[in-house]
Each structure stands twice: as C-alpha cells, then as structure tokens.
Amino acid sequence: MLKKELNTIKITVSGPSAVGKSRLIFLLKNFLREQDFNVELYPIEYDTEDDFDSHMIKGFDDVIQNIKETRKILIKEHHSYETMVN
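Residues numbered from 1 in each chain as written. Predicted model: local features only at pLDDT ≥ 70, side-chain atom pairs only at ≥ 80, totals over all residues. Heavy atoms only, no water.

## Some words on the pattern of salt bridges
Thinking step 1. Scanning the model with the defined rule gives three salt bridges in all.
Thinking step 2. Residue Asp 53 is joined to Lys 29 by a salt bridge in which the shortest nitrogen-to-oxygen separation is 3.0 Å. Of this pair, Asp 53 sits in helix α3 (residues 49-56) while Lys 29 sits in helix α2 (residues 21-34), and the two are 24 residues apart along the sequence.
Thinking step 3. On the accessibility criterion, Lys 29 (4% relative accessible area) is buried. (Salt bridge = Lys/Arg side-chain N within 4 Å of Asp/Glu carboxyl O. Helix = DSSP H or I, 4+ residues; strand = E, 2+ residues; numbered from the N terminus. Buried < 20%, exposed > 50% of the residue type's maximum accessible area, 1.4 Å probe, protein only.)

Listed below in structure tokens is the structure:
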C-alpha cells in the first residue's frame, strides 16, 4: 500500500437520491478548508470543483434548512482492512 493512502482519511457521504448528499459534501469541504485541512474533492456529476461549487451555492441556505428539518445524519467510523494488515 502506498504511503499516501496510509495518510489519507476518506469521507464518503451516502444515501438515496435527492436527500442532500452533495450539499453536505459542499458544507464539509468548506468547513474543513476553513480549518486549514488539505481537502481534495472528486465531484461525480460535475466536470470541475468550480462547477460543483457554483451549483451547490444556489439555494444553499434553504436546502440546508430543509435537510436539518427532515433528515437524520448517521456518522459511522469505518476501518479499512487493507490499512490494518499492511
């Protein structure tokens, strides 16, 4: 296993369609960067991070408020078996 992979924490946001995953990713990315973390984003539906950001900012406050009122967020730690054995 490459040293870079051993020094990488992967955050995956999962759930059904249209529950606010992308907006939460946008929120997490911005918060972590504000705290001076080195964050890479791999947007699925957008060609660039700038495209992702410009779409996510539209109606952001309303969408986040709706997520707060209607969704439960489960945070779970996961250990990668590959990391533990190599």
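## Considering the packing of α2 against helix α4 (residues 60-70)
Thinking step 1. Between α2 and α4, the least distance of the axes is 10 Å, while the angle of their chain directions is 110 degrees. Relative to α4, the element α2 lies roughly perpendicular. Along its contact with α2, which presents Arg 23, Leu 24, Phe 26 and Leu 27, the element α4 presents Phe 60, Val 63, Ile 64 and Ile 67. (Axes fitted to C-alpha atoms, helices over the stretch in contact; angles between N-to-C directions. Parallel < 35°, antiparallel > 145°, perpendicular 65-115°, else oblique. Contact = heavy atoms within 4.5 Å.)

## A word on the packing of α2 against α3
Thinking step 1. Where α2 meets α3, the axes come as close as 10 Å, and the angle between the chain directions of the two elements is 110 degrees. When the axis of α2 is compared with that of α3, the two are roughly perpendicular. Between α2 and α3 the crossing geometry is left-handed. Contacts between α2 and α3 involve Ser 22, Arg 23, Ile 25, Phe 26, Lys 29 and Arg 33 from the first element and Glu 49, Phe 52, Asp 53, His 55 and Met 56 from the second. (Left-handed = near helix turned anticlockwise from the far one by under 90°.)

## What to know about α2
Thinking step 1. Between its terminal C-alpha atoms α2 stretches 20 Å, which fits the 20 Å expected from 14 residues at 1.5 Å a residue.
Thinking step 2. On its buried face, α2 sits against α3 and α4.
Thinking step 3. The positive-phi residue at the C-terminal boundary of α2 is Asp 36, with phi of around 70 degrees. (Expected span 1.5 Å × (residues − 1).)

## Considerations on α3
Thinking step 1. Residues of α3 that are buried include every one of Phe 52, Asp 53 and Met 56, and no others. Down the axis of α3, the buried set is contained in an arc of 95 degrees. They therefore lie on one face.
Thinking step 2. Residues of α3 that are buried in the fold lie against α2 and α4. (Arc of directions from axis to C-beta.)

## So, the packing of aromatic side chains
Thinking step 1. Applying the stated rule across the entire model yields three aromatic pairs.
Thinking step 2. Taking 5.7 Å as the distance between ring centres and 75 degrees as the angle between the ring planes, the aromatic pair formed by Tyr 46 and Phe 52 counts as edge-to-face. Each member of the pair Tyr 46 and Phe 52 is classed as buried.
Thinking step 3. Three or more aromatic residues joined by ring pairs make a cluster, and in this case those are Phe 26, Tyr 46, Phe 52 and Phe 60. (Phe/Tyr/Trp six-rings, centres within 6.5 Å; stacked < 30°, edge-to-face > 60°.)

Don't take any of this as a statement about function, it's just geometry.
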